Amino acid sequence: MVHFLAFVWFVLPLLCILGSTSAGYVTTCSGIVRMRYRRDVISLTDFGGIGDGRTLNTLAFRKAIYRIEHLSRSGGTLLYIPPGVWLTGSFNLTSHMTLYLAKDAVIRASQDTQNWPLIEPLPSYGRGRERPGGRYMSFIHGDGLRDVIITGENGTIDGQGEVWWNMWRDRSLQFTRPNLIELINSNDIIISNVVFRNSPFWNIHPVYCSNVVIRYVTVLAPPDSPNTDGIDPDSSSNMCIEDSYISTGDDLVAIKSGWDEYGIAYARPSSFITIRRISGSSLAFTGIAFGSETSGGISDIVVENITLVNTATAIFLKTNAGRGGYIRNITVRGVHLENVTKAIKFAGDVGDHPDDKYDPRALPVVEGVSISDVWGVGVMQPGSMKGINGAPFKGICLSNVNLYGWVPGAQWKCTDISGVALGVRPWPCAELAATHGTGACSLRVLS
Ligand SMILES: *[C@@H]1O[C@H](CO)[C@@H](O)[C@H](O)[C@H]1NC(C)=O
Ligand SMILES: *[C@@H]1O[C@H](CO)[C@@H](O)[C@H](O)[C@H]1NC(C)=O
Ligand SMILES: *[C@@H]1O[C@H](CO)[C@@H](O)[C@H](O)[C@H]1NC(C)=O
Ligand SMILES: *[C@@H]1O[C@H](CO)[C@@H](O)[C@H](O)[C@H]1NC(C)=O
Ligand SMILES: *[C@@H]1O[C@H](CO)[C@@H](O)[C@H](O)[C@H]1NC(C)=O
């Protein structure tokens, strides 16, 4: 522990300075998961699919995927979805398959909630995220899979979430809403060149997964659609997300790892995640979020070259007493902002609890967070950084942060945090400003 802390304190601020110029960083997700060419190709129409936007194709999807699973061909099988609107209930994917959406192919979710089966809650959440008990299975679902590719020519997966948003709005939801796509316990996943639209709840939710690449995707939902997070890596590792546009009604990317006592017991962290070249907007919520569910721990995250416009909070680290776990070794560099209410926010009092069995003494550890090369115009508030009394956030490093357009009198607000700042405008709070002005923040830390 002592060694780790020393390392964070000495090396992280150094990275904060060197990060943007050092060579040798891998700058693409290519090659992390093999993009497989599949010789065996079947079409949804071979299984009775009709793409007229009215016929229900649930059976066609199930038959096609049954065929892939049970008549497995070496190298796997590509399921081709031709141009057309393919209405369907939810379905499960299988291993060694590519779901390929042609240009102008739309896989559209049925709005008949009868078509949405219930499944068990995730063990790291203990219950549905918004309602107690089970939850609706995601529209496109996978559990225990490997070697799955979802790609094509930018066809659309459309959740038709409106009915679900309305049930949330009028409080008639009985169980937690379905995600658009959820992969559980799965490895070697590529999701690329697909448009995700109008998810009932979170859009893309990899949970207990590893080796996941998500690139060249577009994720869209109206700014007022409730809880339509873009991509939520959850208790997953070795993930790479890049070159995507996300504009939804909630956080664009939110890294999570389980909820309070359930997440602490399940102890499955999110780690080694790279997020780069993402752009988008979230009018009421966050660009890149860490938490608030981080009970299994999150660490070793790099976020690079993010562009956010018309967004409430650009970078948000959120946790709460009762969460336990940790948030450590987080590097954010290269953030471009336009019309943002608050650039940077850290809060140790955010998010609700699954039930009253959580332990309020389970305080999260937050240490080693470096944010550098941030530039923004039309930024109303620079930021607030509020740790937890008794569990202050440590090793916070801000460098080369230049924000303009703030409302008169706007200033950083900090409590229960410590760290360093270099080249931060407007002038940072006293908790960080001690090292402002001369030399590298790493040298100041050493002295
Ligand atoms: C991030 O942007 C900077 C400045 O434009 C550029 O030099 C760097 O290569 C970019 N890095 C990545 C990973 O895109
Ligand atoms: C799909 O997967 C879920 C969860 O693993 C399972 O409960 C359900 O029976 C599966 N449905 C089909 C049609 O195989
Ligand atoms: C699909 O969308 C991606 C990401 O927006 C873009 O880079 C790519 O050129 C598009 N491809 C086609 C075939 O339109
Ligand atoms: C921090 O995370 C980066 C990126 O994942 C990793 O390369 C590095 O080894 C980590 N540093 C420490 C001190 O764990
Ligand atoms: C930011 O706000 C200004 C003033 O309202 C507006 O002119 C500009 O177009 C906005 N920028 C973006 C990217 O929407």
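Residues numbered from 1 in each chain as written. Chains lettered and ligands numbered in written order. Predicted model: local features only at pLDDT ≥ 70, side-chain atom pairs only at ≥ 80, totals over all residues. Heavy atoms only, no water.

### Comments concerning the nonpolar core
Now for step 1: Of all hydrophobic cores here, the largest spans 92 residues; its most connected members are L93, L99 and F290.
Now for step 2: With nine residues, strand β22 (residues 326-347) is the largest single contributor of residues to this core.
Now for step 3: Composition of this core by domain shows at least three residues from each of domain 1 (1-240) and domain 2 (251-447).
Now for step 4: When sequence neighbours within four positions are dropped, the list of residues in contact with L99 reads F61, L79, I81, L93, I107, I140, I149, I150 and T151.
Now for step 5: Formed by eight residues, the second largest nonpolar core is a distinct cluster that contains L122, Y125, I184 and V207. (Core = buried A, V, L, I, M, F, W, Y, C linked by side-chain atoms within 4.5 Å. Buried < 20%, exposed > 50% of the residue type's maximum accessible area, 1.4 Å probe, protein only. Helix = DSSP H or I, 4+ residues; strand = E, 2+ residues; numbered from the N terminus. Domains from an automatic or database assignment. Contact = heavy atoms within 4.5 Å.)

### Focus: the layout of surface pockets
Now for step 1: When its volume is computed, the second largest pocket comes out at roughly 470 Å³.
Now for step 2: Every residue lining the second largest pocket is counted, 22 residues in all, and those nearest its centre are R129, N227, D250, K318 and D352.
Now for step 3: Considering each element in turn, the lining of the second largest pocket owes the most residues, four residues, to strand β21 (residues 298-318).
Now for step 4: Per-class residue counts for the lining of the second largest pocket are eight nonpolar, five polar and nine charged.
Now for step 5: Residue assignment places the lining of the second largest pocket across two domains, with domain 1 (1-240) and domain 2 (251-447) each supplying three or more. (1 Å grid on protein atoms, 1.4 Å probe; cavity = no way out; pocket = protein on both sides within 12 Å on 5 of 7 lines; lining within 4 Å. Points joined across faces, edges and corners; volume = space filled by probe spheres on them. Nonpolar A, V, L, I, M, F, W, Y, C, P; charged D, E, K, R; others polar.)

### Things to note about the pattern of salt bridges
Now for step 1: Taken as a whole and assessed by the stated rule, the structure comprises 22 salt bridges.
Now for step 2: One salt bridge in this structure joins R73 and D40, with 3.7 Å as the shortest N-O distance. One end of the pair, R73, is in the loop between α2 (58-70) and β3 (77-81); the other, D40, is in strand β1 (residues 40-43), with 33 residues separating them in the sequence.
Now for step 3: On the basis of relative accessible area, D40 is assigned to the buried category, the value being 14%.
Now for step 4: As a salt-bridge pair, E293 and K256 come within 2.6 Å of each other at their nearest N and O atoms. Of the two residues, E293 is situated in the loop between β20 (286-290) and β21 and K256 in the loop between β18 (253-255) and α4 (260-266); the sequence distance between them amounts to 37 residues. Of the two residues, E293 and K256, both sit in the buried class.
Now for step 5: Bridged by salt links that share partners, the residues R215, E242, D243, R276, R277, E304 and R333 form one connected network. (Salt bridge = Lys/Arg side-chain N within 4 Å of Asp/Glu carboxyl O.)

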